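The residues making up each chain are set out below.
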Amino acid sequence: MAKTKELSKDSRNKIVDLHQAGKTESAIGKQLGVKKSTVEAIIRKWKTYKTTDNLPRSGAPHKISPRGVKMITRTVSKNPRTTRGDLVNDLQRAGTKVTKATISNTLRRQGLKSCSARCVPLLKPVHVQARLKFAREHLDDPEEDWENVIRSDETKIELFGKNSTCRVWRRKNAELHPKNTIPTVKHGGGNIMLWGCFSAKGPERLIRVKERMNGAMYREILSENLLPSARALKMKRGWVFQHDNDPKHTARATKEWLRKKHFKVLEWPSQSPDLNPIENLWRELKVRVAQRQPQNITALEEICMEEWAKMPATVCENLVKTYRKRLTSVIANKGYITKY
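All values reported here derive from a predicted model rather than from experimental measurement.

What counts and how
- Residues numbered from 1 in each chain as written.
- Predicted model: local features only at pLDDT ≥ 70, side-chain atom pairs only at ≥ 80, totals over all residues.
- Heavy atoms only, no water.
- Helix = DSSP H or I, 4+ residues; strand = E, 2+ residues; numbered from the N terminus.
- Contact = heavy atoms within 4.5 Å.
- UniProt positions renumbered as here; feature names shortened; annotations may be inferred.
- Domains from an automatic or database assignment.
- Salt bridge = Lys/Arg side-chain N within 4 Å of Asp/Glu carboxyl O.
- Buried < 20%, exposed > 50% of the residue type's maximum accessible area, 1.4 Å probe, protein only.
- Pairing = 2+ DSSP bridges.
- Axes fitted to C-alpha atoms, helices over the stretch in contact; angles between N-to-C directions.

**Details of unusual backbone geometry**
Positive phi outside glycine occurs at Lys-234, with the angle close to 55°. Counting through the fold element by element, Lys-234 comes out in the loop between helix H9 (215-232) and strand E4 (240-242). Although it is not a glycine, Gln-293 adopts a positive phi angle of roughly 50°. Tracing the backbone through its elements, the reader meets Gln-293 in the loop between helix H12 (277-292) and helix H13 (297-310).

Dropping the structure here:
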């Protein structure tokens, strides 16, 4: 039988007040929507102990002393990669013998839970400082400035890769039933490389890159697609172009080409995918494509183009609107990677 939710302190006090006012247990239960047996128990407790507070509950004492709890908490705070086995050995040397399960339960009561470490870009001190500088310089930029930016990037989409997570409703021990699994093959079964751009007004051109991209090819893609995209998006005068610091993007020839075309380029801090909303847009595209389950490279390309064209402009607009939260998070995290 499932455990019922405990009544709040206010509700317990109200039951006592109504009892003192002369109301019966049945009447109190109906008025507050509480079982009669619950009302009787609270009134009986109040009569016995003159309180509605929770009384100390019985139970076995904790195996780890308060001093031991402080020791293991301090250890994992200094080194989060400490294993439960290490902590068991530390406590055993201190004269306390416990199991790994006890370690987990104790740390969970301290608000610490064992989780998979997330993979993030390697940030050197120079990257951290550049990210902080960028965030502070642009934190107070008006929203109109960020809406007037065209963002471009490249991404790889695998045919049978792990492009998205998928949840299924299944019964116990049915995890390997074909309906409840996602088929995968080595190396993703082939992939395609895409270049795309967008602004707060919506997605624009999406191009498949059929050969290995180099600086010359990248400049050709920009030459054929960037300005037409800006016109299609009806960008305001003085619009800004943003791309990351991939070597193809920062090559001297590419910078010179952009300068000759009089494109205004947003200076971008390296190792900052969390600041770039196009990364979230790629993720959205991959989820949509995976849901349609393409079976070959031709279908994969067609579905990518279809889903990109159907991407709602509101998705792009909302991603751009997160810019201030992203910058605030970078500052709050002292330049390190954020949840975005």
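Anyway, onward from the coordinates.
**A closer look at the side chain of Lys-248**
Within the element layout of this structure, Lys-248 appears in helix H10 (residues 247-250). Leave out the neighbours within four places in its chain, and Lys-248 touches Glu-154, Met-213, Asn-214, Gly-215, Tyr-218 and Thr-254.

**Points about the UniProt feature "domain: Transposase Tc1-like" (unreviewed entry) in the protein chain**
On the UniProt side, "domain: Transposase Tc1-like" (unreviewed entry) is annotated at positions that read residues 71-140 here. Counted over residues 71-140, helix gives 60% and strand 0%. Its end C-alpha atoms are 44 Å apart.

**Remarks on the domain arrangement of the protein chain**
The domain architecture assigned to the protein chain consists of domain 1 (9-49), domain 2 (66-110) and domain 3 (125-333). Placing a centre on the C-alpha atoms of domain 1 and another on those of domain 2 gives a separation of 44 Å.

**Let's talk about the pattern of salt bridges**
A complete count under the given rule lists twelve salt bridges for this structure. A salt bridge links Arg-93 to Asp-90, with the nearest nitrogen and oxygen atoms 2.4 Å apart. Of this pair, Arg-93 and Asp-90 both sit in helix H5 (residues 84-93), separated by three residues, roughly a single helical turn. Assessed through its relative accessible area of 64%, Arg-93 is described here as exposed. Judged by relative accessible area, which is 23%, Asp-90 ranks as partly exposed.

**Overview of the sheet that holds strand E3 (residues 202-209)**
Spatially, the five strands line up as an open sheet ordered E3-E2-E1-E4-E5, and their pairing is mixed. Sheet topology places E3 and strand E5 (264-265) at the edges, where each strand pairs with a single neighbour. As paired strands, strand E1 (residues 149-158) and strand E2 (residues 191-199) are joined by eight bridges and run antiparallel to one another. Following the sheet pairing, Thr-155 is matched in E2 by Leu-194. Packed onto the sheet, H13 meets E1, E2 and E3 and runs at close to 165° relative to E3.

**Things to note about the pairing of E1**
The side chains of a regular strand alternate, residue by residue, between the two faces of the sheet. Burial analysis of E1 places eight of its ten residues in the buried class, the great majority of the element. Pairing geometry for E1 and E4, over three bridges, is parallel. Following the sheet pairing, Val-149 is matched in E4 by Val-240.

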